[in-house]
Amino acid sequence: MPNANRNVVEGVEIAADGEAFLKARVTAVPEDGKANKALILLIADTFRLPKSSISIISGETARKKILRIDGDPEDLEEKFRKFL
């Protein structure tokens, strides 16, 4: 969610249809890709990943986005489990 009062990953949320997603808020405004860039930086910092390994593959202008995170699947799973 853009225009938040701080950059934060709030955790996992379950939608009404049962889909799980990571909920994050960024302070950047949603113009010229600023909020998307802030989201990538937030995810990179939170999970200690290089920002170059993260890209948005769907939802660039939507609140819900699908991210691609390149890396070793077992290593990524471990990082996410430690966070959650």
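Above this text is the structure in question.
Described below are features of the structure shown in this document. These numbers come from a predicted model, not from an experiment. (Residues numbered from 1 in each chain as written. Predicted model: local features only at pLDDT ≥ 70, side-chain atom pairs only at ≥ 80, totals over all residues. Heavy atoms only, no water.)

## Thoughts on helix 1 (residues 34–47)
(1) Moving on: With 14 residues, helix 1 extends 20 Å between its outermost C-alpha atoms, agreeing within 8% with the 20 Å of an ideal straight helix rising 1.5 Å per residue.
(2) Moving on: Ala-35, Asn-36, Ala-38, Leu-39, Ile-40, Leu-42, Ile-43, Ala-44 and Phe-47 are the residues of helix 1 that are buried.
(3) Moving on: In the core, the buried residues of helix 1 are packed alongside strand 1 (8–14), strand 2 (20–25), strand 3 (54–58), strand 4 (66–69) and helix 2 (73–83).
(4) Moving on: Where helix 1 ends, the next residue or the one after it, Arg-48, has phi of about 55°, a positive value. (Helix = DSSP H or I, 4+ residues; strand = E, 2+ residues; numbered from the N terminus. Expected span 1.5 Å × (residues − 1). Buried < 20%, exposed > 50% of the residue type's maximum accessible area, 1.4 Å probe, protein only. Contact = heavy atoms within 4.5 Å.)

## What about the layout of surface pockets?
(1) Moving on: There is about 940 Å³ of room inside the largest pocket.
(2) Moving on: Along the wall of the largest pocket there are 29 residues; nearest its centre are Leu-22, Leu-39, Arg-63, Lys-64 and Lys-65.
(3) Moving on: For the lining of the largest pocket, the secondary-structure elements that each account for two or more residues are strand 1, strand 2, helix 1 and strand 4.
(4) Moving on: No other element matches the 5 residues that strand 2 contributes to the lining of the largest pocket.
(5) Moving on: Classifying every residue of the lining of the largest pocket gives 17 nonpolar, 3 polar and 9 charged. (1 Å grid on protein atoms, 1.4 Å probe; cavity = no way out; pocket = protein on both sides within 12 Å on 5 of 7 lines; lining within 4 Å. Points joined across faces, edges and corners; volume = space filled by probe spheres on them. Nonpolar A, V, L, I, M, F, W, Y, C, P; charged D, E, K, R; others polar.)

## Regarding the packing of aromatic side chains
(1) Moving on: Using the criterion set out here, one finds 1 aromatic pair in the structure.
(2) Moving on: Summarising the aromatic geometry, the rings of Phe-47 and Phe-80 are spaced 4.3 Å apart at their centres and angled 50° between planes, so their arrangement reads as tilted. One end of the pair, Phe-47, is in helix 1; the other, Phe-80, is in helix 2, and 33 residues separate them in sequence.
(3) Moving on: Classification of Phe-80 by relative accessible area gives partly exposed; the value is 23%. (Phe/Tyr/Trp six-rings, centres within 6.5 Å; stacked < 30°, edge-to-face > 60°.)

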